[in-house]
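One letter stands for each residue in the lines below.
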Amino acid sequence: MSLNLQLKYVETFSFKFLQNAFTFPFHLHTHSFLPFPSLPLTHTHPHPHPRFLPRTTVFSAVTAEQSSAPPVKMVAVAGHGAASPLKPASWEEVMLHTVTYLLSPSFIELQLLRSDFFINNSISSEAKRLKWVDEGYELLVFTDECIVSSGEMSRRLQKELRDADILVIIAVTNKESLEWINNNSKTIENVICLDSSSDLKNRLGGYDVPSGVRGSIFGSFFGTSQSDKAKESYEVVQTVSEAWDRHNSDDIRFCLLVIINAYIRPVPVLNNLRAKGFSTLNCMLRNCGRQVLDCLLDPNCRKALQCLNQCSPVDQVCNYRCIASYESANLEAFSLCVLQKNNCLGLEAEIPEKPCVPPMVKFRGQNLSYEMAEDLFVGWLGSLQWSWRVVAGQNPAYDQFPCQYQLFYRGKAKGSFWYEPVFQVKTLEGQMVWRRRKYRVRRGKVPGTFYFSVLDNGVVSNEFWTIVDVAENLSWGLFHYHGAARVAGQSYTGAVLVSPDGAFPTDRERTKIVAALDKCEIKEWELYNVDNCSCIDPPLGIPEGSSLHTVVQIEDPKQISV
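Let me begin by describing the structure that accompanies this report. The shown structure was predicted, so the numbers you read here are calculated from the model rather than taken from an experiment.

What follows covers the nonpolar core. In this structure, Phe363, Phe377, Phe452, Ile467, Val470 and Phe479 are the most contacted members of the largest nonpolar core, which totals 41 residues. With 5 residues, the single largest contributor to this core is helix H16 (residues 370-378). Ignoring sequence-local partners within four residues, the contact set of Val470 consists of Met360, Phe363, Leu376, Trp388, Trp476, Gly477 and Phe479. With 38 residues, the next largest nonpolar core counts Val94, Leu194, Leu256 and Trp525 among its residues.

One pass over the full model with this rule turns up 22 aromatic pairs. Residues Phe377 and Phe408 carry aromatic rings whose centres are separated by 4.3 Å and whose planes lie at 5 degrees to one another, so their mutual orientation is stacked. You can see Phe377 sitting in helix H16 and its partner Phe408 sitting in strand S11 (residues 405-410), a full 31 residues away along the chain. There is no split in this pair, since Phe377 and Phe408 are both buried. Through successive ring pairs, a cluster of aromatic residues spans Phe377, Trp388, Phe408, Phe417, Tyr419, Tyr439, Phe450, Phe452, Trp465, Phe479, Tyr481 and Tyr492. Against the face of Trp386 rests Arg389, its NZ or CZ located 5.6 Å from the ring centre. The ring of Trp418 has Lys438 lying over it, and the distance from NZ or CZ to the ring centre is 4.6 Å.

Applying the stated criterion across every chain, the model contains 5 disulfides. With a sulfur-sulfur separation of 2.1 Å, Cys283 is cross-linked through a disulfide to Cys344. An S-S torsion of about -70 degrees defines the bridge between Cys283 and Cys344 as left-handed. Taken together, the residues Cys283 in helix H12 (residues 278-297) and Cys344 in the loop between helix H15 (329-341) and strand S8 (362-363) connect sequence positions 61 residues apart. Judged by its relative accessible area of 6%, Cys344 falls in the buried class. What pairs with Cys295 in a disulfide is Cys301, and their sulfur atoms sit 1.9 Å apart. Here Cys295 and Cys301 share a disulfide; its torsion about the S-S bond, -90 degrees, makes the bridge left-handed. Considered together, Cys295 and Cys301 belong to a single accessibility category, that of buried residues.

What counts, and where the lines are drawn
Residues numbered from 1 in each chain as written. Predicted model: local features only at pLDDT ≥ 70, side-chain atom pairs only at ≥ 80, totals over all residues. Heavy atoms only, no water. Core = buried A, V, L, I, M, F, W, Y, C linked by side-chain atoms within 4.5 Å. Buried < 20%, exposed > 50% of the residue type's maximum accessible area, 1.4 Å probe, protein only. Helix = DSSP H or I, 4+ residues; strand = E, 2+ residues; numbered from the N terminus. Contact = heavy atoms within 4.5 Å. Phe/Tyr/Trp six-rings, centres within 6.5 Å; stacked < 30°, edge-to-face > 60°. Lys NZ or Arg CZ within 6 Å of the ring centre and 35° of its normal. Disulfide = S-S within 2.5 Å.

Structure, rendered in structure tokens:
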């Protein structure tokens with residue numbers, strides 16, 4: 001292939017890649033989750049094992065500046081008592097925890113129908129989640145019980161709908177409710193129907209779209225002469241539908257942000273997820289032409305880019321599997337040059353500040369010190385071949401990967417401390433492969449808090465970890481983190497529950513674990529279990545000359561009940 005043809009190939013392929021892929025998940029990590037965004041419109045994603053920088057946790061990223069613009073008013077109506085996929089939580093509970101607070105006849109009765117109730121909505125910690133993104137977002141969640149029962153709540157819902165920018169309908173099938181909603185939502189520009197009756201219609205940007213229409217079927221509905229706004233509505237419904245089908249709290253918030261961004265006003269955290277078009281391409285070819293060419297001429301690296309282009313922007317599992325299946329030196333060099341060294345995407349992401357999770361303050365009756373906190377991370381290493389094994393994590397995109405081992409140890413250099421996650425990945429060819437990463441760890445300002453950093457697949461990720469709680473006999477622990485890959489425009493948060501053998505602690509520990517999760521504003525039903533059944537020959541071991549515990553005594557693992 002001549003040089004001119006090579007450059008033309010690079011230009012054509014690279015631009016196609018940019019159209020879809022920056023979304024590109026670069027951060028591979030292992031403890032857990034949160035989310036990394038990708039998308040035609042936006043997205044999120046996290047990490048646990050190899051986590052492409054979250055998805056997520058884009059939702060948890062506090063990068064949006066408060067503006068003087070009028071608030072974005074949203075109303076959600078959920079089917080009363082409707083079961084959600086997040087068992088045992090109902091859709092009412094999920095929405096209550098995920099975004100705001102629930103309004104039902106019994107709740108209003110308890111509030112004695114106070115006229116200032118809807119203004120002073122300082123209900124619970126869960127109400128903060130959507131406002132972590134922007135203080136100007138307001139969402140009221142009703143159940144359709146208020147429609148059936150009529151009365152004050154029905155009139156309140158009717159009033160709120162008159163001022164709503166967005167209406168979200170969830171799991172509503174009652175015939176009376178359907179008729180009432182159709183009659184009272186005609187003036188709302190944006191209506192999205194999820195898991196509800198087909199008698200309800202989506203409406204985005206003023207375009208009516210039949211419920212349940214997805215993918216190519218949805219495209220044929222608009223036809224080839226669709227306007228730009230119709231095309232946008234198609235992309236929004238497709239993105240929202242795919243994200244919603246992932247059935248997790250992060251993606252529920254993501255669905256709302258996508259609609260706000262498309263039809264109300266720009267959502268800053270989503271701007272970071274878009275490619276910059278020809279300016280990005282020019283930066284790539286000007287500064288990284290050799291790395292781009294090497295990647296495209298390398299079968300594995302080229303397959304990785306092609307694979308990423310085929311992934312749905314909201315499918316972080318797909319994105320990660322592309323990277324994990326086709327890891328190569330050329331792919332790392334491509335990412336290192338395009339993103340880390342030259343920031344061709346022009347992105348900036350900061351480590352989220354919320355939620356604010358306090359570290360544990362005492363262990364075995366003593367005030368937690370830095371040395372003690374490091375020993376808790378080191379955990380069972382010495383008695384076992386690993387520090388901890390991950391039982392479950394919050395992030396749906398990464399916590400489903402099997403066999404997550406954590407290795408924490410003190411390095412040979414004075415004051416050095418390291419974290420190496422080891423985990424399995426199922427490649428696109430169906431093979432199970434082991435992956436391993438290495439993080440430098442520094443102490444935070446308060447004992448029990450730490451700063452992590454890693455160069456992963458060519459991109460630097462920085463994280464802030466908190467030891468939330470650890471059982472006195474080390475039968476379990478809960479670690480929370482906030483993180484960001486600055487040049488990839490990704491921020492995320494997450495948490496992992498760990499134990500010596502990867503099994504859930506005993507029922508008598510459940511109350512303590514739930515209390516620890518509450519500190520992270522995480523519900524037990526948000527956790528995703530890790531498959532620890534077939535973990536054969538993990539590549540464990542730590543460098544020669546490393547050291548382990550200094551002050552915490554570790555019992556024989558056979559003597560504890562987990």
